[in-house]
2 protein chains.
Amino acid sequence: MFHLHAIYHKQGNPSKVMAPEVVDRRNTMLGLKTQSLEMRTPKATKTAVLVIGGAEDKLHGRKILKTFFARAGASDAYITIIPSASREPSAIGNRYTRIFEDMGANRVELLDIREREQCKYREYQSSLESCTGVFLTGGDQLRLCGILADTDAMGIIRQRVRSGQLTLAGTSAGAAVMGHHMIAGGGSGESPNRSLLDMATGLGLIPEIIVDQHFHNRNRMGRLISAISSHPDRLGIGIDEDTCALFEKDGWLQVIGKGSVTIVDPTEVTHTNEPHVGASDPLTIHNLRLHVLGHGDCFHIYQRTVLPAVYRLSN
Amino acid sequence: MFHLHAIYHKQGNPSKVMAPEVVDRRNTMLGLKTQSLEMRTPKATKTAVLVIGGAEDKLHGRKILKTFFARAGASDAYITIIPSASREPSAIGNRYTRIFEDMGANRVELLDIREREQCKYREYQSSLESCTGVFLTGGDQLRLCGILADTDAMGIIRQRVRSGQLTLAGTSAGAAVMGHHMIAGGGSGESPNRSLLDMATGLGLIPEIIVDQHFHNRNRMGRLISAISSHPDRLGIGIDEDTCALFEKDGWLQVIGKGSVTIVDPTEVTHTNEPHVGASDPLTIHNLRLHVLGHGDCFHIYQRTVLPAVYRLSN
């Protein structure tokens, strides 16, 4: 478990670079203010992929956005924001720009990509080659994929995420695109059935998973179960609002935030009628394994093991 | 499986009492019309408990209500309707009375019990002691329990269900009361948490289960998971509209109808934070087993085994 607890502590421990009495203890989680003033020396970033269920806190504790900021390098972070999912990209992009500037990022850039053509722009590619964090905003996941999929810009992001040079975050539509198979839309309030959902191809950054967001908030269990019935070789991950599944490179995810992350694991499924029924017929699926995870809980997407949050001595 | 497939066939097989050519094949499932005309001799009823998710078809195929009718004795059935959950008991009661009379029941009685005092009425108790089927309508499950719980009338029903003398059905509120623990109300659209639901004590006819109805239709997965987190010694059963879990005395249930029956089985749960968190904090629960069952699927509530609907040779 220690590598997961280390998330908040590993990056730029202030005690190494300043006298303890200088640290402003009110900036509890990361000592952000003091870091941004005092620490400008490069350090290794421990990259991750943050898959956020939408509506993350942008005003108060901002726990999830601060975690992204920290994993992107904290005061050394060079953050690139891609608002292409949104129909109001400059408004939403500027909002995130201000947030990460307020936190003390070294550099924040808004790549207002509205057309696939722009993915070839040399200055955009240069930004993606140098940054330490990429943030995908919410909006429409089909729009986001339509602009980014199979572009040079996306190739740079993918390669740098894989090689651990970049921390990537996506919220809402930006989360939906993470899997190879993507839930593009759908409904609720019905027995699980294929007509409940529209599937499309995502950006495939974590191909093993199918993500659904605003999960319990919008009652999406039925459509995630339907998606997994059709794709039992994947892992269903439903993420509530203001909640994040933070994926480490080693396969562990940890839950951060206010709600829950629901894992729908079909490894042991013995039967589904999915191949045999019509699109609006009720789907059956037997022997799903279901985990409802909360803040601090961990799950390994390859081993399919779950670890509860540890009750620490200091709590 | 044969004992489950036998549901539609065991009762009053027309071929035993009339020449095959007399059977009207258009009355496919039970040959109801011909039975009601020709078969008035008593026969053993194979009793069951039908837990119906509400909004069952009352006009066309009426598959669930016909199954109840058959299991209550078909043309020999003496059916007693208890509409006490409803605030319009005579309207809803009369509707079911007409339905079962139309099907050809030998006798249908409406026990319009509105006060606990009425549960002592000799003629009501006499009806419950002689009937072959009891039907609990929808309405408000707290109202139904408030009127029936711990009364002599309820005692008669319970004893006769246990000893296999009575087929019992409940729809909607009438289904919610079946367990010992009852979901009395609640919400959706949140991470599972205790404040999502109000629990109360049900009528305990199948004490091992916690029932939720209108299940996927009203997005109730979150509240059923919450209920099971608080009561991991029970089995969660979520029943969609126009769908029925038909419980045999031996522990098997079979699904009948248009939607799905969702089983939330906590047998293998390794962890829940339920004892440690506040009422509105998100609940965690690890290693639930989840089955989404459809028409013809079976599940054994003691063995916790699931059997898919058989693809019959005749199909």
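Given the structure is predicted, the values throughout are model-derived calculations rather than measurements.

(A) Looking closely at the sheet that holds strand E1 (residues 49–52) of chain A. Residue and element names in this part refer to chain A. With mixed pairing, nine strands are arranged side by side in an open sheet as E3-E2-E4-E5-E1-E10-E11-E15-E16. The sheet is open, and its two borders are formed by strand E3 (107–110) and strand E16 (305–307), each paired with just one other strand. Taking each pair of neighbouring strands and ignoring which way they run, the sheet shows an average axis angle of 20 degrees. For E1 and strand E5 (residues 167–171), the ladder comprises four bridges, and the chain directions are parallel. Of the residues in E5, the one forming a bridge with Ile52 is Thr171. Each of strand E2 (78–82), E3 and strand E4 (133–136) is contacted by helix H5 (residues 122–130), which is oriented at about 130 degrees to E2, the strand it contacts most.

(B) Molecular detail of the pairing of strand E12 (residues 261–265) of chain B. All names here are of chain B. Of all five residues in E12, five are buried; the element is thus mostly enclosed. Taking every second residue as pointing to the same face, both faces of E12 are buried, with Val261, Ile263 and Asp265 on one and Thr262 and Val264 on the other. Here strand E9 (residues 235–239) runs beside E12; their pairing, made up of four bridges, is antiparallel. Counterpart to Ile239 in the pairing with E12 is Val261.

(C) Layout of the packing of aromatic side chains. Residue and element names in this part refer to chain A. Inspection of every chain in the model, using the stated rule, returns 12 aromatic pairs over all chains. On the numbers, 5.4 Å between centres and 45 degrees between planes, the contact of Tyr121 with Tyr124 is tilted. Three or more aromatic residues joined by ring pairs form one cluster here, namely Phe68, Tyr96, Phe100 and Phe135.

(D) Structural detail: the UniProt feature "active site" (unreviewed entry) in chain A. Residue and element names in this part refer to chain A. Following the UniProt record, the feature "active site" (unreviewed entry) maps to Ser172, His214 and Glu241 here. Of the residues just listed, which span 70 residues, no C-alpha pair is farther apart than 8.4 Å, and they cluster in one region. Structurally, Ser172 is set in the loop between E5 and helix H8 (173–176). Assessed through its relative accessible area of 13%, Ser172 is described here as buried. Ignoring sequence-local partners within four residues, the contact set of Ser172 consists of Ile52, Gly53, Gly54, Gly138, Gln213 and His214. Examined against the element boundaries, His214 turns out to sit in the loop between strand E8 (209–213) and helix H9 (221–230).

Reading guide: rules and limits
- Residues numbered from 1 in each chain as written.
- Chains lettered and ligands numbered in written order.
- Predicted model: local features only at pLDDT ≥ 70, side-chain atom pairs only at ≥ 80, totals over all residues.
- Heavy atoms only, no water.
- Pairing = 2+ DSSP bridges.
- Helix = DSSP H or I, 4+ residues; strand = E, 2+ residues; numbered from the N terminus.
- Axes fitted to C-alpha atoms, helices over the stretch in contact; angles between N-to-C directions.
- Contact = heavy atoms within 4.5 Å.
- Buried < 20%, exposed > 50% of the residue type's maximum accessible area, 1.4 Å probe, protein only.
- Phe/Tyr/Trp six-rings, centres within 6.5 Å; stacked < 30°, edge-to-face > 60°.
- UniProt positions renumbered as here; feature names shortened; annotations may be inferred.

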